[in-house]
Amino acid sequence: MSDTVNEAVAVLNEKLSGADFSGTAKFDIEGEGAVMMDSSGARAADEAADVTLSADAETFKAILSGETNPTSAFMTGKLKVDGDMGMAMSLASVLA
């Protein structure tokens, strides 16, 4: 498992703490691996999810650090969304 995935799991668990998120989401980080999120938190895994967000490692790190807005990344084609768009929008507020 890559350092990027391990770092993402730690940051996402911090952001999810106290957040009201239901359903499943997968972050597919190109060339690094995948992170699953659900009501119990984030973990390194690659499973079926309600929504899958795909981006390169640089974009993903920028979103997690707050440098890049997830909606802007989507609108500019840096972030791809496959599945439940409503869930993707609720995720954007958790990540902000």
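Residues numbered from 1 in each chain as written. Predicted model: local features only at pLDDT ≥ 70, side-chain atom pairs only at ≥ 80, totals over all residues. Heavy atoms only, no water.

### Here's the deal with the pairing of strand β1 (residues 25-29)
Counting buried positions over the five residues of β1 gives four, a clear majority of the element. With five bridges connecting them, β1 and strand β2 (residues 33-38) associate as antiparallel partners. Directly across from Ile29, in β2, lies its bridge partner Gly33. Joining the antiparallel neighbours β1 and β2 is a turn of three residues, in which Gly31 adopts a positive phi near 75°. Bridging between β1 and strand β4 (residues 51-55) involves five bridges; their strand directions are parallel. (Buried < 20%, exposed > 50% of the residue type's maximum accessible area, 1.4 Å probe, protein only. Helix = DSSP H or I, 4+ residues; strand = E, 2+ residues; numbered from the N terminus. Pairing = 2+ DSSP bridges.)

### Overview of the environment of Leu91
Along the polypeptide, Leu91 turns up in helix α4 (residues 85-95). With near-sequence residues (within four places) excluded, Leu91 lies in contact with Phe21, Ala25, Phe27, Met37, Val51 and Leu53. (Contact = heavy atoms within 4.5 Å.)

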